Amino acid sequence: MPALAALLGGGHLYSGSEGWREMATAEAGEYRDVVLFLATAGVAVPLFRQWRVNPILGFLGAGVVLGPYGLGALKQRVPWLGYLTIQHPDEIAQLAELGVVFLLFMIGLELSWERLRSMGRLIFGLGFLQVAVCAGAIGAVAVALGQPLQAAAVLGMALALSSTAIIMPLLAEQRRQNTESGRAIFSVLLLQDLAVAPMLVTLTFMARPESETFSPGQLLAFAPAVAALVGLVFFGRLVVRPLMRSVARTHSEELFIAAALLVVIGSGLIANIAGLSMGLGAFIAGLLLAETEYRMEVEAKIEPFKGLLLGLFFVSVGIGLDLSLLAVQPLLVLGLTLGLLVLNGLLLWGLARLFGFRPIQALEIGLLLAASGEFSFVLLQKASGEELVAPAVAHAVMVSSTLSMFCIPLLAALALALHRRAEKLIEPAVVAHEGGRAPRVIVVGYGRVGRLVAEMMTQHAIPWLAIDRSTRLVEVARREGSEVLFGDASRPELLRRIGLETALALVVTMDSPEGNEAVVATAREVRRDLVIVARARDAEHAKRLYALGASDAVPETIEASLQLSEALLIGVGLPVGPIIAAIHERRDQFRRELNDPNALGGRSRQMREM
């Protein structure tokens, strides 16, 4: 470690108070960059949230301020500002690459064949045309401005990409991700994200000098890369699911997280060793996990790492931006920014109209997707390093791309205002979390009770999704063709990912009283208007579930006594109709008493004994 080397530097130990002071200073210097980043994530970004500024923009702005072109430019005159400046940007950049790796993994994890089929026209139609048309138009403009053909192609690819990390949270905040325009925006973003891996491979091809004179023998140079991709897919299918299954059976959250990180980073390293990008390997790993029962749980576990590392990526991008270029050449930077927004926006509006969207919807799509995105920086940095684009040109374009990203919240607000004015109301969200699927009932717990509830819903053609913590139950159910996922439903992030915000109802059927209470409390916190029906052990447990927000709690002991009474009364010859009416009346009475503790009176002791 550098700190240890400093301590033992020069072949002798530090001695005395001065030595310990130097040692402490050396060790503190090693952690300064980490502390500055954590301070940004823990202090600055929450402030941006309060000011309704996207966190990604907060990380970008923090990188500019903490970098050598921000406070670092002033530390010669004000030395103490050096403590507020990133000292080792190269080390930060190396770690920040993992942010893009995790983002590509999450994109692969979001995909499924069903989702691709339901949104195929928008993804592979509108999305593909957007990338092709915008990249071609931007490349043509770059050639007209004097850029070489190779550089123009790179600029076209990079500036045709929008920001998934900024746009999707904005749509979710406005509750517009499931409207027609919202689904179109998501489809285009998804195709753009899918196009990143081929674009990175294309840059690798372009950077090879021998590619100028093609010969069939040159294809052998790519044999290791092809073999690595085939190996990842083949061995991944054999290894990934058994690995996650064995770890899930331990019921250890730490081991599950470690296995998920191993899949992401391991697949990325295999691809990197073969000469491909780590992001491509992670994307393939995400695709392999997308069809397994562990997808939602992995997604929920990886999300914090992705968010933090992606924030670090944007900090590293901000560190390298010299916004003084805006002061030196304001017309150039602002002209590039405005030209990018106008060109992309107009092309997207035309393509959306071509696909049958109304003018106001096409305008929304054009406004939100006009600006650059996070992968623009990835492509431009790689192209600049490979000398495909002149560093000065790449830097000017990155500065203008940054400014365009800062415009996204304003463009989103403008799109929402125009939509409200044109439609007089916001379209309700009627499509569930899984692209294009109708709202479903969510069943938590797929034991005997949960399975029977699911069978009754199937009988009445009500769509449903179940989630359970037992790998055995999940495996058996999926072999039978039922949609059952592995996961812990007491965590809000997992409930959101399985579609709680658009669910018809939530049924909690686990045999753990504490587990049922945790799920009910979390679900009610996530969604106040949701119908929640929960299984209760007894009357006291039902009272606790009602207090936590259950719409209805069904105590096993009371239901057993009511069914016994019904069977007995019918057995002794009383008419069926009055008996059923009496049972329903008594059940309603118990429900009222459980909901109102003051109304229990002398019956509470009886109910506790039942």
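Here the structure is a predicted model, which is why all the values come from computation and not from measurement. (Residues numbered from 1 in each chain as written. Predicted model: local features only at pLDDT ≥ 70, side-chain atom pairs only at ≥ 80, totals over all residues. Heavy atoms only, no water.)

### Describing empty space enclosed by the protein
It is the rolling of a water-molecule-sized probe over the atoms that shows where space remains empty. Tallied over the full model, the rule gives three cavities of 30 Å³ or more. Every residue lining the largest cavity is listed: Leu171, Gln174, Arg176, Thr179, Ser181, Gly182, Ile185, Glu364, Leu368, Ala412, Ala415 and Leu416. The set of elements that each furnish at least two residues to the lining of the largest cavity consists of helix H9 (180-206), helix H16 (359-369) and helix H19 (408-423). Tallied by class, the residues present in the lining of the largest cavity amount to six nonpolar, four polar and two charged. (1 Å grid on protein atoms, 1.4 Å probe; cavity = no way out; pocket = protein on both sides within 12 Å on 5 of 7 lines; lining within 4 Å. Points joined across faces, edges and corners; volume = space filled by probe spheres on them. Helix = DSSP H or I, 4+ residues; strand = E, 2+ residues; numbered from the N terminus. Nonpolar A, V, L, I, M, F, W, Y, C, P; charged D, E, K, R; others polar.)

### Observations regarding the layout of surface pockets
Of the pockets and cavities examined, the second largest pocket occupies roughly 970 Å³. Looking at the second largest pocket, it is lined by 36 residues, and the ones nearest its centre are Ala93, Glu97, Val378, Gln381 and Lys382. Secondary-structure elements contributing two or more residues to the lining of the second largest pocket are helix H4 (89-110), H9, helix H12 (278-290), helix H13 (295-319), helix H17 (374-385) and helix H18 (391-406). Looking at which element gives the most residues to the lining of the second largest pocket, the answer is H4, with seven residues. Its residues assigned to classes, the lining of the second largest pocket comprises 21 nonpolar, 11 polar and four charged.

### Notes on the side chain of Ser163
Structurally, Ser163 can be placed in the loop between helix H7 (149-159) and helix H8 (164-173). Under the relative-accessibility criterion, Ser163 is labelled buried at 0%. Reaching out from Ser163, the side chain makes a polar contact with the backbone nitrogen of Ile166 at a distance of 3.3 Å. Apart from the residues within four sequence positions on either side, Ser163 is in contact with Leu189, Ser372, Gly373, Glu374, Met405 and Ile408. (Buried < 20%, exposed > 50% of the residue type's maximum accessible area, 1.4 Å probe, protein only. Polar contact = N/O pair within 3.5 Å; in protein donor to acceptor, adjacent residues only side chain to side chain. Contact = heavy atoms within 4.5 Å.)

### Looking at the sheet that holds strand E4 (residues 505-508)
One open sheet holds the six strands; their spatial order is E3-E2-E1-E4-E5-E6, and the pairing between them is parallel. Bordering the open sheet on either side are strand E3 (484-486) and strand E6 (552-555), each of which pairs with just one other strand. The average undirected angle you get between the axes of adjacent strands in this sheet is 20°. Here three bridges tie E4 to strand E5 (residues 532-536), and the two strands are oriented parallel to one another. Across the sheet, Leu506 pairs through a bridge with Ile532, a residue of E5. (Pairing = 2+ DSSP bridges. Axes fitted to C-alpha atoms, helices over the stretch in contact; angles between N-to-C directions.)

### Notes on helix H23 (residues 513-526)
Taking 1.5 Å per residue as the helical rise, H23 with its 14 residues ought to reach 20 Å, and the 20 Å between its terminal C-alpha atoms agrees with that figure. Where burial is concerned, most of H23 is hidden: 10 out of the 14 residues are buried. When we look at burial in H23, the residues that qualify are Pro513, Gly515, Asn516, Glu517, Val519, Val520, Thr522, Ala523, Arg524 and Val526. Turning to H23, the residues buried within the fold contact strand E1 (441-444), helix H22 (492-497), E4, E5 and helix H24 (539-548). (Expected span 1.5 Å × (residues − 1).)

### Here's the deal with the packing of H4 against H13
Where H4 contacts H13, the axes come no closer than 7 Å and their chain directions differ by 145°. Note that H4 runs across H13; the crossing there is left-handed. Of the residues belonging to the contact of H4 with H13, the class tally is 20 nonpolar, two polar and five charged. (Left-handed = near helix turned anticlockwise from the far one by under 90°.)

### As for the side chain of Glu475
Within the element layout of this structure, Glu475 appears in helix H21 (residues 471-479). Classification of Glu475 as buried rests on a relative accessible area of 12%. Aside from chain neighbours lying at most four places away, what touches Glu475 is Arg245, Arg249, Glu293 and Tyr294.

### Points about the packing of aromatic side chains
Within the structure shown, the criterion is met by six aromatic pairs. Summarising the aromatic geometry, the rings of Phe234 and Phe235 are spaced 5.2 Å apart at their centres and angled 80° between planes, so their arrangement reads as edge-to-face. Their ring planes at 70° and their centres at 5.4 Å tell us that Phe313 and Phe314 sit as a pair that is edge-to-face. Given the relative accessible area of 5%, Phe313 is considered buried. A network of ring pairs unites the aromatic residues Phe256, Tyr294 and Phe486 as a single cluster. (Phe/Tyr/Trp six-rings, centres within 6.5 Å; stacked < 30°, edge-to-face > 60°.)

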